[in-house]
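Residue strings, one per chain:
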Protein chains: 4
Amino acid sequence: MAIYNHKIQYYETDRMGITHHSNYIRIMEEARSDFLEQVGYSYECMEAEGLVSPVLSVVAHFKKSSTYGDTLQVETHMTEMTPIRFTISYVMTSGGSVVCTGESTHCFLDKEGRPVVLKKSCPQIYELFGRLIKEKY
Amino acid sequence: MAIYNHKIQYYETDRMGITHHSNYIRIMEEARSDFLEQVGYSYECMEAEGLVSPVLSVVAHFKKSSTYGDTLQVETHMTEMTPIRFTISYVMTSGGSVVCTGESTHCFLDKEGRPVVLKKSCPQIYELFGRLIKEKY
Amino acid sequence: MAIYNHKIQYYETDRMGITHHSNYIRIMEEARSDFLEQVGYSYECMEAEGLVSPVLSVVAHFKKSSTYGDTLQVETHMTEMTPIRFTISYVMTSGGSVVCTGESTHCFLDKEGRPVVLKKSCPQIYELFGRLIKEKY
Amino acid sequence: MAIYNHKIQYYETDRMGITHHSNYIRIMEEARSDFLEQVGYSYECMEAEGLVSPVLSVVAHFKKSSTYGDTLQVETHMTEMTPIRFTISYVMTSGGSVVCTGESTHCFLDKEGRPVVLKKSCPQIYELFGRLIKEKY
């Protein structure tokens, strides 16, 4: 599986001289979006089906700083799934060292904002996600 | 008229130690939103009428840097109006010195993305904006 | 203790129509900065002493969406302290409902990037933080 | 010359469903950084010489909206140079249509914040920039 690369931009740094911590949450979204596209599922398709997939929680652990010009390599895995939510985890490295690890949990909601039981409403996505967890994609 | 105050946040600085220039464009939006609310018109109301008001252009001149902890005082004026577009200008000062001046131009589009002739579709907004220009609000 | 207010800006929303989740991490920083200023300690003073205080981890739980025009009221508490790190927690509400809860953990580093034992290097900060935990400020 | 590609991220959109206009200013910075790296000059090198290069002004014209999933192709040119400042211009297209055009003007400052006469202090950069203008790189 291809790793997602993110090159740190000048506007992502702060006056401590390093990447501002909030940007790692955005890089997690970039990597997740790329991951879902690679495994054959994309936000566009989800939205076409009238579903939205809000973030329920995020956690990030900052191990080492990065800064302008560094390229982060992000490894993304689907790690957990219940009938209504799923969790994706991230490991970001730069020059071989771990910079940040994180996790985000998501659900699916229909147009009225009601939780969707994935197995029932979208069995093909449910199966895809289940397969990703088993295969440790 | 009340001035809009924006306190520079840590996440708005970059590794040069100063407010990243892109954030002044966002502060212009904050001040514009506050200005339109003060004069009795708000984005919410506009959206309720099914209109959107995209930005056509922005320009900003950076005169002096600002940084974390500084409070910018933003003066906002409506400076130009044609049947389909209007221009708002901004002067941001901190401690009495001008930090940034800018201008943004906007139009109104209906739900199909077609330009709206304000005088015809929304005469009350057209009159409000006209009055703001004359009164140099 | 005064609550920190943050009015959601247009640029903080995403195409789901709600505040993008990454912005809550930034709002936590705003509230933390305001909290530390209120209790008599500020980042400026910390930086004057040659220390930086990077974020070690953040976690956020999104309970309810918010959007442009909403005002979040953020309650901030210092909840944990060890000789080298401290944890601050946040509860954000809008219209009486909890929108987001979160937590951030921080340490102090000297100019060379070495961890600082707060009790030894800055006893007055150590005492202040200790008092905040006891008093459930 | 290679074109700089930027894929619009979800966090770059707003509740109008399109890329928030402030992000084009950031994409201009990304493209400028990539351009300067390609022509053999980078911010890192500049900073090593103890210079900073703040932005003096930016202007952007928004011609067509873009959104999540679109890839912008950015063409960057150096268009003007005086002894103390230089201007870079940008054309961003998506699917063959122009989305945004812009321009940014910059100067060089030394560590004390004084303007640097490039021809005198850094003749090699001055020559590089002069060549870029002639060659319409």
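Refer to the preceding data block for the structure.
Read on for a plain summary of the structure.

Criteria and thresholds
Every chain's residues receive numbers from 1 upward, in the order its sequence appears when written. Think of it this way: whatever chain is written first is A, whatever ligand is written first is 1, and the rest follow in order. Per-residue local features of the predicted model are confined to residues with pLDDT of at least 70, and side-chain atom pairs are confined, for both listing and counting, to 80 or more; whole-chain, interface and lining totals are unaffected and use all residues. By convention in this description, side-chain values take in all heavy atoms of the structure and omit both hydrogens and water. Copies are brought into register by a least-squares superposition over C-alpha atoms of residues with pLDDT of at least 70 in both. In this analysis, two residues are considered to be in contact whenever any of their non-hydrogen atoms come within 4.5 Å of each other. Note on definitions: salt bridges are taken to be side-chain nitrogens of Lys or Arg within 4 Å of carboxyl oxygens of Asp or Glu. Interaxial angle, 0 to 180 degrees, is taken between N-to-C directions of lines fitted to C-alpha atoms, where a helix line uses only the stretch in contact. Labels follow the DSSP assignment, with helices taken as runs of H or I lasting at least four residues and strands as runs of E lasting at least two, numbered in each case from the N terminus. Roughly parallel means an angle under 35 degrees; roughly antiparallel, over 145; roughly perpendicular, 65 to 115; everything else is oblique. For this classification, the nonpolar set comprises Ala, Val, Leu, Ile, Met, Phe, Trp, Tyr, Cys and Pro, the charged set comprises Asp, Glu, Lys and Arg, and every other residue, Gly included, is treated as polar. Buried residues of nine kinds, namely Ala, Val, Leu, Ile, Met, Phe, Trp, Tyr and Cys, make up a nonpolar core once their side-chain atoms join them within 4.5 Å. Exposure classes here rest on a 1.4 Å probe applied to the protein chains alone. A residue is buried below 20% of its type maximum, exposed above 50%, and partly exposed in between. A pair of strands is treated as paired once DSSP finds two or more bridges between them.

### Regarding the relation of the copies chain B and chain A
The two copies are related by a screw operation: chain B maps onto chain A through 180° of rotation and 0.0 Å of translation along the axis, at an RMSD of 0.0 Å. The two molecules are tied by a two-fold rotation axis, judged by turn and shift. Looking at the interface residues of chain B, 100% of them are also at the interface in chain A, so both copies use one shared face.

### Brief notes about the pattern of salt bridges
Residues and elements named next belong to chain A. Enumeration according to the criterion identifies 13 salt bridges over all chains in this entry. Salt-bridge contacts for R114 lead to E112; the nearest nitrogen and oxygen are separated by 3.3 Å. Connected through salt bridges with shared partners, the residues D110, E112 and R114 form a single ionic network.

### A few points about the relation of the copies chain A and chain C
Mapping one chain copy onto the other needs a rotation about an axis and a shift along that axis. The operation relating chain A to chain C is a screw motion whose rotation component is 180°, with 0.0 Å of axial translation and a residual RMSD of 0.0 Å. Residue by residue, 100% of the interface of chain A is reproduced at the interface of chain C, so both copies engage with the same surface.

### Considering the packing of helix 1 (residues 22–38) of chain A against helix 1 (residues 22–38) of chain C
Taken N-terminus to C-terminus, the directions of helix 1 of chain A and helix 1 of chain C make an angle of 175°; their axes are 8 Å apart at the nearest point. By the criterion of interaxial angle, the relationship of helix 1 of chain A to helix 1 of chain C is roughly antiparallel. For the pair helix 1 of chain A and helix 1 of chain C, the contacting residues are S22, N23, I25 and R26 of chain A in the first and S22, N23, I25 and R26 of chain C in the second. Looking at the contact of helix 1 of chain A with helix 1 of chain C, its residues break down into two nonpolar, four polar and two charged.

### Regarding the nonpolar core
Counting 69 residues, the largest nonpolar core has M78, F108 and F129 of chain A together with F108 and F129 of chain C as the members making the most contacts within it. Dropping the residues within four chain positions of it, M78 of chain A is found in contact with F35, L36, F86, T87, I88, F129, L132 and I133 of chain A. Within the second largest apolar cluster, 68 residues are counted, among which are V99 of chain B together with M28, A31 and L132 of chain D.

### Focus on the sheet that holds strand 2 (residues 55–62) of chain A
Taken in spatial order, the ten strands of this open sheet run 1(A)-3(A)-4(A)-5(A)-2(A)-2(C)-5(C)-4(C)-3(C)-1(C), and their pairing is antiparallel. In the strand order of this sheet, the two ends are held by strand 1 (4–7) of chain A together with strand 1 (4–7) of chain C, each with one partner. Between one strand axis and the next, the sheet turns through 20° on average, direction left out of account. Where strand 2 (residues 55–62) of chain C and strand 5 (residues 97–107) of chain C come together, seven bridges link them in antiparallel fashion. When the sheet's bridge partners are listed, V59 of chain C is paired in strand 5 of chain C with E103 of chain C.

### Remarks on the sheet that holds strand 1 (residues 4–7) of chain D
Overall, antiparallel pairing links the ten strands, which are arranged 1(B)-3(B)-4(B)-5(B)-2(B)-2(D)-5(D)-4(D)-3(D)-1(D) in an open sheet. The sheet is open, and its two edges are formed by strand 1 (4–7) of chain B together with strand 1 of chain D, each paired on a single side. Between one strand axis and the next, the sheet turns through 20° on average, direction left out of account. Taken together, the four bridges between strand 1 of chain D and strand 3 (residues 71–81) of chain D define a ladder with antiparallel strand orientation. Residue N5 of chain D lies in a different strand from strand 3 of chain D, and its bridge partner there is Q73 of chain D. Strand contacts of helix 4 (residues 123–134) of chain B: strand 3 (71–81) and strand 4 (85–94) of chain B, with the helix running at about 110° to strand 3 of chain B, the strand carrying the most contacts.

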